[in-house]
Amino acid sequence: QVQLVESGGGLVQAGGSLRLSCAASGRTLSRYAMAWFRQAPGKEREFVAAISWSGGRIYYVDSVKGRFTISRDNAKNTVFLQMNSLKPEDTAVYYCGARASVVAGLDSSEYDYWGQGTKVTVSS
């Protein structure tokens, strides 16, 4: 079992930055692909970014490319999402997912463990 806890969300003005963290316990993340998804009110959960176990493969949804950066520190069992130039449309609950595979997936159904989410609100 893997337990994931997200943190770092909050209220920020458009153009601002936030850094989300996802801390894992229970098992080392070194053999898990990790991802961030988000869910806005009234919408389905959508893919944001994913990173392979080694960090060698990284994927982003087009809407965040150039603004968000996913990274991981396997020694600290933590995954990060640096979000810059935030827009009101980035407002959502952000979830961290872990996939028992070295290969990152882009669909939420491919992930085995989830955190409780952290809320990000971007005001205009």
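What counts and how
Residues numbered from 1 in each chain as written. Predicted model: local features only at pLDDT ≥ 70, side-chain atom pairs only at ≥ 80, totals over all residues. Heavy atoms only, no water. Helix = DSSP H or I, 4+ residues; strand = E, 2+ residues; numbered from the N terminus. Contact = heavy atoms within 4.5 Å. Disulfide = S-S within 2.5 Å. Buried < 20%, exposed > 50% of the residue type's maximum accessible area, 1.4 Å probe, protein only. Polar contact = N/O pair within 3.5 Å; in protein donor to acceptor, adjacent residues only side chain to side chain.

Overview of the side chain of Thr 78
Secondary-structure assignment places Thr 78 in strand 8 (residues 78-83). What Thr 78 contacts, discounting residues up to four positions off in sequence, is Ser 21, Cys 22, Ala 23, Leu 29, Arg 72 and Asp 73.

Side note on the state of the cysteines
Evaluated as defined, the whole model comprises 1 disulfide. Each sulfur in the disulfide pair Cys 22 and Cys 96 lies 2.1 Å from the other. The disulfide joining Cys 22 to Cys 96 has a torsion of about -75 degrees about its S-S bond and is therefore left-handed. Of the two residues, Cys 22 is situated in strand 3 (residues 18-25) and Cys 96 in strand 9 (residues 92-99); the sequence distance between them amounts to 74 residues. Considered together, Cys 22 and Cys 96 belong to a single accessibility category, that of buried residues.

Here's the deal with the environment of Ser 25
If you trace the backbone, Ser 25 turns up in strand 3. In the structure, Ser 25 is positioned 53 residues away from Thr 78 in sequence and 9.3 Å away in space, judged by C-alpha atoms. Discounting chain neighbours no more than four positions away, the residues touching Ser 25 are Gln 1, Val 2 and Gln 3.

Concerning unusual backbone geometry
Phi is positive for Asn 77, which is not a glycine, with a value near 55 degrees. Checked against the element boundaries, Asn 77 lands in the loop between strand 7 (68-73) and strand 8. Taking relative accessible area as the criterion, Asn 77 reaches 15% and is therefore assigned buried. Here Ser 85, not a glycine, exhibits a phi torsion of approximately 50 degrees, which is positive. With respect to the helices and strands, the residue Ser 85 is situated in the loop between strand 8 and strand 9. Under the relative-accessibility criterion, Ser 85 is labelled partly exposed at 42%.

Re the side chain of Asn 77
Polar contacts involving the side chain of Asn 77 include one to the main-chain carbonyl oxygen of Arg 27, which spans 3.1 Å. Excluding residues that lie within four positions of it along the chain, Asn 77 makes contacts with Cys 22, Ala 23, Ala 24, Arg 27, Thr 28 and Leu 29.

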